[in-house]
Amino acid sequence: QVQLVESGGGLVQPGGSLRLSCAVSGRIFSIGAVGWYRQTPGQQRELVARIPSGGSTTYADSVKGRFTISRDNAKNTVYLQMNDLKPEDTAVYYCNVNVATDRWNVRNYWGQGTQVTVSS
């Protein structure tokens, strides 16, 4: 069993910063691609940032230059540093990871979501 616990969301004023964390625990052989997505009511979940197993990190155009995704493999944790936040960044943010529980089995997992509200 694998668990993802997100933290770091909250209310922030425009121009402010937040750092989201996603701690992965449980039966972990290795962690592959990781990413952050967000969703607003009535809209589809959209990619914010992603670190693939190989290749370059990708960002949504709307967050380039403001958000930074990173990972700490020793702590099995994924981060999203969000700077210069705008009201349109308001959403529920979800962590997404590919976890190998052994040499042969890989599954995709979602975090429970954390609310980010940008408002004055």
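J.: Could you clarify how one ought to interpret the pairing of strand β9 (residues 91–100) in this entry?
T.: Within a regular strand, side chains alternate between the sheet's two faces. By the criterion of burial, β9 is predominantly enclosed, with eight of the 10 residues buried. In the sheet, β9 pairs with strand β11 (residues 114–118) via three bridges, with the strands oriented antiparallel. Paired with Y93 across the bridge in β11 is T114. Both β9 and strand β10 (residues 106–110) contribute to a ladder of five bridges, which runs antiparallel. Across the sheet, the residue bridging to V99 is R107, located in β10.

J.: Explain the sheet that holds strand β7 (residues 67–72) here, please?
T.: Within a sheet, adjacent strands bond to each other through the backbone by hydrogen bonds, running parallel or antiparallel. With respect to topology, four strands assemble into an open sheet ordered β1-β3-β8-β7, the strand pairing being antiparallel. Since the sheet does not close on itself, it has two edges, and those belong to β1 (2–7) and β7, each with one partner. Adjacent strand axes in the sheet meet at a mean angle of 15°, parallel and antiparallel pairs treated alike. Sheet topology places β7 next to strand β8 (residues 77–82); six bridges connect them, and they run antiparallel. Following the sheet pairing, I69 is matched in β8 by L80.

The rules behind the values
Residues numbered from 1 in each chain as written. Predicted model: local features only at pLDDT ≥ 70, side-chain atom pairs only at ≥ 80, totals over all residues. Heavy atoms only, no water. Buried < 20%, exposed > 50% of the residue type's maximum accessible area, 1.4 Å probe, protein only. Helix = DSSP H or I, 4+ residues; strand = E, 2+ residues; numbered from the N terminus. Pairing = 2+ DSSP bridges. Axes fitted to C-alpha atoms, helices over the stretch in contact; angles between N-to-C directions.

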